[in-house]
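Below are the chains, spelled out letter by letter.
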Amino acid sequence: MDFEFGSGDEGFRAEAREWLAGHLVGAFAELAGCGGPGSEHEGGEGRRAWERELGAGGWIGLGWEGGEGAYGNRTASLTQQVVWAEEYARARAPGRVGHIGENLLAPTLLAYGDEAQRRRFLPAIARGEELWCQGYSEPDAGSDLAGLRTVAVRDGAGYRVSGQKIWTSLAGEADWCFVLARTDPAERRHRGLSFLLVAMDQPGRIEVRPIRQMSGTAEFNEVFFDGAVAGHVVGGEGAGWRVAMGLLARERGVSTLVQQIGFAAELAEVVGEAVRCGALRDPVLRDQLVRQWAELKVMRWNALRTLGAAGDAGAPSVAKLLWGGWHQRLGELAMRVRGAAAALGPADWTAQAPYELDALQRLFLFTRADTLYGGSDEIQRNIIAERVLGLPRVERI
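The structure displayed is predicted, hence computed values, not measured ones.

What follows deals with the packing of helix 4 (residues 99-112) against helix 5 (residues 115-126). Describing two packed helices takes the angle between their axes plus the distance from one axis to the other. Two elements in contact, helix 4 and helix 5, have axes whose closest approach is 10 Å; the angle formed by their N-to-C orientations is 160°. Between helix 4 and helix 5, the angle falls in the class roughly antiparallel. For the crossing formed where helix 4 meets helix 5, the hand is left-handed. Where helix 4 abuts helix 5, its residues Gly101, Glu102, Leu105, Ala106, Leu109 and Leu110 lie against Gln117, Arg118, Phe121, Leu122 and Ile125. Residue classes in the contact of helix 4 with helix 5 are distributed as seven nonpolar, two polar and two charged.

Laid out in structure tokens, this is it:
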């Protein structure tokens, strides 16, 4: 199989590289590396400004199939989208605060929304002006999403949403949230759910509480809805499960190509640490580092193999299993390379700063969650067993 890019792709690569070099300057240059695992909180307003810079340059929405540039975005082929992701990661541009709107909501609106919803929301995302978060998981409905309890009651032309969501990334910064809620209390499990769009600026009706993680940061949040107004339902009332599953397929699919560039940089940092501290003299550690490198290459080839493929029910779950386990093992390997020194922080403990960690320590702590969020490994294996191998479905109450 040929994994090379064509001449048109390489011309696009040169354009992307030139644009990034010309715009990652001044205050934006200071954001280099912000927003990675364990440092999601860094950058603040500077990263929002960078989102608007990307929008002004036309670099948001490259993969919006069917949009054809009608919503203020430029269009690009699948391979050009990969090229952009590679160059973005190599330039150490800041982590995207707009990726949920661009890569999850926008394709969902193009597939299931009506034209009024597309005209209202897609241009603002393409300009980098409105940020989104995802209201799916709940305290008692994580990987088993169909057990959610958040309800939405009809109120005139819209709905009133009440309930709690958890593990909501970027909820404190987001302008909008797409929420999966039960609109028909007579139905159970995946029936009677709707996909609603909720403005986050509703004082007294929406409360966001940050969740402190092991890494000391607070990327995730609890979100409490108390009669929050939702004026838009995507795909029609009761179609929420179909819309939500369509979105999750995009979240877990070939978008992992973007991640893998960052993974390669993290692996290089771990290898560099092994060289500096002499751990490469240990043949077992050396073998483990080579194995990580080889597995990352295989993940890339698998993602390229499935690029643009449709109808493979197991591909998203296989991709999630591959990268989740790989990234977690990398975090563990980073600590083994350090040995006993891994237990020491980069600065002395003080009451003002009791939780100082360096990049590899944050990587290790963050990656403990990789096999849980986005659908746990157990759930992914169930999906493969049921939808690919045809094994009996697990009965869920």
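This next bit is on the packing of aromatic side chains. Tallied over the entire structure, the rule returns 16 aromatic pairs. Consider the rings of phenylalanine 121 and tryptophan 176, whose centres lie 5.0 Å apart with planes at 80°: the pair is edge-to-face. Linking phenylalanine 121 in helix 5 with tryptophan 176 in strand 4 (residues 176-182), this pair joins segments that are 55 residues apart in sequence. Every member of this aromatic cluster is reached through a ring pair, and the members are Phe12, Trp19, Phe28, Trp50, Trp59, Trp84 and Tyr88. The ring of tryptophan 59 carries arginine 74 above its face, with NZ or CZ at 3.8 Å from the centroid. When the ring centre of tryptophan 323 is taken as origin, the NZ or CZ atom of lysine 320, which lies over that ring, is 5.0 Å away.

A few words on helix 2 (residues 45-56). Relative to the 16 Å expected for 12 residues at 1.5 Å per residue, helix 2 spans 17 Å between its end C-alpha atoms, a close match to the ideal helical length. Every buried residue of helix 2 is listed here: Arg47, Arg48, Trp50, Glu51, Leu54 and Gly55. One face of helix 2 carries all of its buried residues, which in axial projection span an arc of 155°. Contacts from the buried residues of helix 2 go to helix 1 (7-23), helix 3 (78-90) and helix 5. Just downstream of helix 2 lies glycine 58, where phi reads positive at about 80°.

With that settled, the discussion passes to the layout of surface pockets. In this structure, the second largest pocket spans a volume of roughly 300 Å³. Lining the second largest pocket we find Glu86, Arg90, Gln260, Ile261, Ala264, Leu267, Trp293, Leu296, Lys297, Arg300 and Trp301. Among the elements of the structure, helix 3, helix 7 (256-277) and helix 8 (283-305) are those that each provide at least two residues to the lining of the second largest pocket. Sort the elements by how many residues they give to the lining of the second largest pocket and helix 8 lands first, with five residues. Classifying every residue of the lining of the second largest pocket by side-chain character gives six nonpolar, one polar and four charged.

A surface patch of nonpolar side chains, about 290 Å² in accessible area, is lined by Val388, Leu389 and Leu391. Topologically, leucine 391 is positioned in the segment after helix 11 (377-388).

Here the focus is the side chain of glutamine 117. On the secondary structure map, glutamine 117 appears in helix 5. In terms of polar contacts, glutamine 117 uses its side chain to reach the backbone carbonyl oxygen of valine 233, at 2.9 Å. Non-local contacts of glutamine 117, meaning those with residues more than four positions away in its chain, are made with Leu109, Leu122, His232, Val233 and Val234.

Residues Trp50, Trp84, Trp132, Phe178, Phe195 and Leu197 are the most contacted members of the largest nonpolar core, which totals 51 residues. For this core, the element with the most residues is helix 4, which contributes six residues. Apart from residues lying up to four places away in sequence, tryptophan 132 is in contact with Ile100, Gly101, Leu105, Phe121, Ile125, Ala174, Trp176, Cys177, Phe178 and Leu197. Leu289, Leu333, Met335 and Val337 belong to the second largest nonpolar core, which has 19 residues in total.

A word on the side chain of serine 169. With respect to the helices and strands, serine 169 occurs in the loop between strand 3 (158-165) and strand 4. Among the residues examined, serine 169 registers a relative accessible area of 18% and is labelled buried. When residues no more than four places from it in sequence are discounted, the contact partners of serine 169 are Ile100, Cys133, Glu219, Phe220 and Asn221.

What follows covers empty space enclosed by the protein. Applying the stated rule across the entire model yields two cavities of 30 Å³ or more. In this structure, the second largest cavity spans a volume of roughly 40 Å³. Forming the walls of the second largest cavity are Glu51, Ile60, Arg96, Gly98, Gly101, Glu102, Ile125, Gly128, Glu130 and Leu131. Classifying every residue of the lining of the second largest cavity by side-chain character gives three nonpolar, three polar and four charged.

Right, let's talk about the pattern of salt bridges for a bit. Applying the stated criterion across every chain, the model contains 26 salt bridges. Its salt-bridge partner being glutamate 87, residue arginine 90 comes within 3.5 Å of it at the nearest N-O pair. Pair noted here: arginine 90 and glutamate 87 are both in helix 3, with a separation of three residues, about one helical turn. The exposure class assigned to arginine 90 is exposed, which follows from its relative accessible area of 53%. On the basis of relative accessibility, which here comes to 4%, the residue glutamate 87 falls in the buried class. With a shortest N-O distance of 3.0 Å, arginine 338 and aspartate 358 are connected by a salt bridge. Of this pair, arginine 338 sits in helix 9 (residues 315-338) while aspartate 358 sits in the loop between helix 9 and helix 10 (359-367); the two residues are 20 residues apart in sequence, bridging distant segments of the chain. For the pair arginine 338 and aspartate 358, a shared accessibility class is recorded, and that class is buried.

Cut-offs used in this document
Residues numbered from 1 in each chain as written. Predicted model: local features only at pLDDT ≥ 70, side-chain atom pairs only at ≥ 80, totals over all residues. Heavy atoms only, no water. Axes fitted to C-alpha atoms, helices over the stretch in contact; angles between N-to-C directions. Helix = DSSP H or I, 4+ residues; strand = E, 2+ residues; numbered from the N terminus. Parallel < 35°, antiparallel > 145°, perpendicular 65-115°, else oblique. Left-handed = near helix turned anticlockwise from the far one by under 90°. Contact = heavy atoms within 4.5 Å. Nonpolar A, V, L, I, M, F, W, Y, C, P; charged D, E, K, R; others polar. Phe/Tyr/Trp six-rings, centres within 6.5 Å; stacked < 30°, edge-to-face > 60°. Lys NZ or Arg CZ within 6 Å of the ring centre and 35° of its normal. Expected span 1.5 Å × (residues − 1). Buried < 20%, exposed > 50% of the residue type's maximum accessible area, 1.4 Å probe, protein only. Arc of directions from axis to C-beta. 1 Å grid on protein atoms, 1.4 Å probe; cavity = no way out; pocket = protein on both sides within 12 Å on 5 of 7 lines; lining within 4 Å. Points joined across faces, edges and corners; volume = space filled by probe spheres on them. Patch = residues over 30% accessible without salt bridge, like charges linked within 9 Å, V, L, I, M, F, W, Y side chains within 5 Å. Areas by Shrake-Rupley, 256 points an atom, 1.4 Å probe, with all protein chains shown as cover. Salt bridge = Lys/Arg side-chain N within 4 Å of Asp/Glu carboxyl O. Polar contact = N/O pair within 3.5 Å; in protein donor to acceptor, adjacent residues only side chain to side chain. Core = buried A, V, L, I, M, F, W, Y, C linked by side-chain atoms within 4.5 Å.

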